[in-house]
Amino acid sequence: MEIHAYDEEYLPYAQRVLGDMLDFAVNTCGMEADDYFFQFIVSGIAAQFGNGNPKYVVGMTGCEVVRAVMEQCGGPLSDDIKDEMYLDKSPEYWAGWALCYYQWITGYTFSHIHRAVPISELLGMYPALHEADITKFADIMHEKMIAAYPETNLKRLRTLAGLSQSELARQSGVSLRQIQLFEQRQRDINRTQALNLLRLARALCCRMEDLVEHT
């Protein structure tokens, strides 16, 4: 079950925007990568980007996104800093480019990813992975996300809702045993019937895609 925030045809442009954004923030504006990305999240623009808002995904350059982030965070960039990008792609560009791909295929928020794998850690992956197929990067990221968030999405959302497994079973109509197997990763929730996902999502007041495990 694959649900993406925007069409695949826009993905290369979005990757370029995020790559240019991080490169410009770090290498032209002199910001620390993790500090800037935290501001990207706090500004609300990360959420807009991740949700596929065309204003950011296809309507702005990476340099313009940085300026918008800093305006939101109370520190607009000087006009003396020119919006220039370079043909040689930096490790920061690769980190933004690769991160955009991973966020798109998983649907995780940038905030959720950044808490598990900060930009500084992504930059450390550059020497080994920047020439590898992007799917290898995605596989490694998935392992890191599982390590950072060992609970399934179902268990995490159930806990946030304050429901026991039996209470969720009663409210959703999905059997207690199925819920237990999903949370123990002994049964793949991605392969369950859409009706089960719908019932669980309604009981937890979330989206169906929020329950999907990204492998």
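Draft legend 1. Geometry of unusual backbone geometry. Here the phi dihedral of R185 falls at roughly 60 degrees; this positive angle occurs in a residue that is not glycine. Along the chain, the position of R185 falls in the loop between α12 (176-183) and α13 (194-204). The backbone phi angle of C205 is positive, close to 55 degrees, even though this residue is not glycine. Assignment of secondary structure puts C205 in the segment after α13.

Draft legend 2. A look at the nonpolar core. The biggest cluster of nonpolar side chains holds 52 residues, and the ones touching the most others in it are Y36, F40, F49, V65, V66, L122 and F137. With nine residues, helix α1 (residues 11-28) is the single largest residue contributor to this core.

Draft legend 3. Focus on the state of the cysteines. Per the counting criterion, the structure on display carries zero disulfides. Here C29 is not disulfide-linked; the sulfur of C63 is the nearest cysteine sulfur, at 7.7 Å.

Draft legend 4. The arrangement of the side chain of D20 in detail. One can find D20 in helix α1. With residues near it in sequence (within four places) discarded, D20 still touches G62, M85, K89 and Y93.

Draft legend 5. Molecular detail of the packing of aromatic side chains. Going through the model one piece at a time under the given rule, you end up with nine aromatic pairs. Relative to F40, the ring of Y36 lies with its centre 6.4 Å away and its plane at 15 degrees, an arrangement referred to as stacked. With a gap of four residues between them, Y36 and F40 both fall in helix α2 (residues 33-42), about one helical turn apart. For the pair Y36 and F40, a shared accessibility class is recorded, and that class is buried.

Draft legend 6. Seen up close, the side chain of T106. Mapped onto the elements, T106 comes out in helix α6 (residues 91-106). Looking at T106, the relative accessible area reads 4%, which means it is buried. Side-chain polar atoms of T106 contact the backbone oxygen of Y102, separated by 2.9 Å.

Draft legend 7. Seen up close, the environment of L77. Structurally, L77 can be placed in the loop between α5 (62-72) and α6. A relative accessible area of 16% means that L77 is categorised as buried. In this structure, the C-alpha to C-alpha distance between L77 and V66, residues eleven residues apart in sequence, is 8.6 Å. In this structure L77 touches F24, C29, M31, V66, R67 and M70, once residues within four positions along its chain are discounted.

Draft legend 8. View of α13. Among the residues of α13, N196, L197, L200, A201, A203 and L204 are the ones counted as buried. Down the axis of α13, the smallest arc covering the buried residues is 165 degrees, so these residues share one side. Looking at the buried side of α13, the elements it contacts are α10 (153-160), α11 (165-172) and α12.

Draft legend 9. Quick look at helix α8 (residues 119-129). Of the positions making up α8, those classed as buried are I119, L122, M125, Y126 and L129. Projected down its long axis, α8 shows its buried positions confined to an angular sector of 135 degrees, all on one face. Structural note: α8 exposes G124, P127 and A128 on the side pointing more than 90 degrees away from its buried face. If you follow the buried residues of α8, they end up packed against α1, α2, α6, α7 (110-116) and α9 (134-148).

Each value, and the rule that gives it
- All residue numbers refer to positions counted from 1 along the written sequence of the respective chain.
- Whole-chain, interface and lining totals are the exception, using all residues; otherwise, since this is a predicted model, local features are given only for residues with pLDDT of at least 70 and side-chain atom pairs are given and counted only at 80 or more.
- Only hydrogens and water are removed before side-chain values are computed, so all heavy atoms of the structure are retained for them.
- For the purposes of this entry, the term helix denotes a DSSP run of H or I that reaches at least four residues, the term strand denotes a run of E that reaches at least two, and both are numbered from the N terminus.
- The criterion is simple. A nonpolar core is a set of buried Ala, Val, Leu, Ile, Met, Phe, Trp, Tyr and Cys residues joined through side-chain atoms within 4.5 Å.
- Buried, partly exposed and exposed residues are distinguished by accessible area as a fraction of the type maximum, computed with a 1.4 Å probe on protein chains only: under 20%, between the cut-offs, and over 50%, respectively.
- For this text, the term disulfide refers to a pair of cysteine sulfurs within 2.5 Å.
- In this description, contact between two residues means that some pair of their heavy atoms is separated by no more than 4.5 Å.
- The rule is short: rings of Phe, Tyr and Trp, with Trp giving its six-membered ring, pair when the centres are within 6.5 Å, and they are stacked under 30 degrees, edge-to-face over 60, tilted in between.
- Throughout this description, a polar contact denotes any pair of N or O atoms lying within 3.5 Å of each other; where both atoms belong to protein, one of them has to be capable of donating a hydrogen while the other can accept it, and for residues adjacent in sequence the pair is counted only when both atoms sit in side chains.
- Working definition: the arc comes from the directions between the helix axis and the C-beta atoms, pointing outward to the latter.

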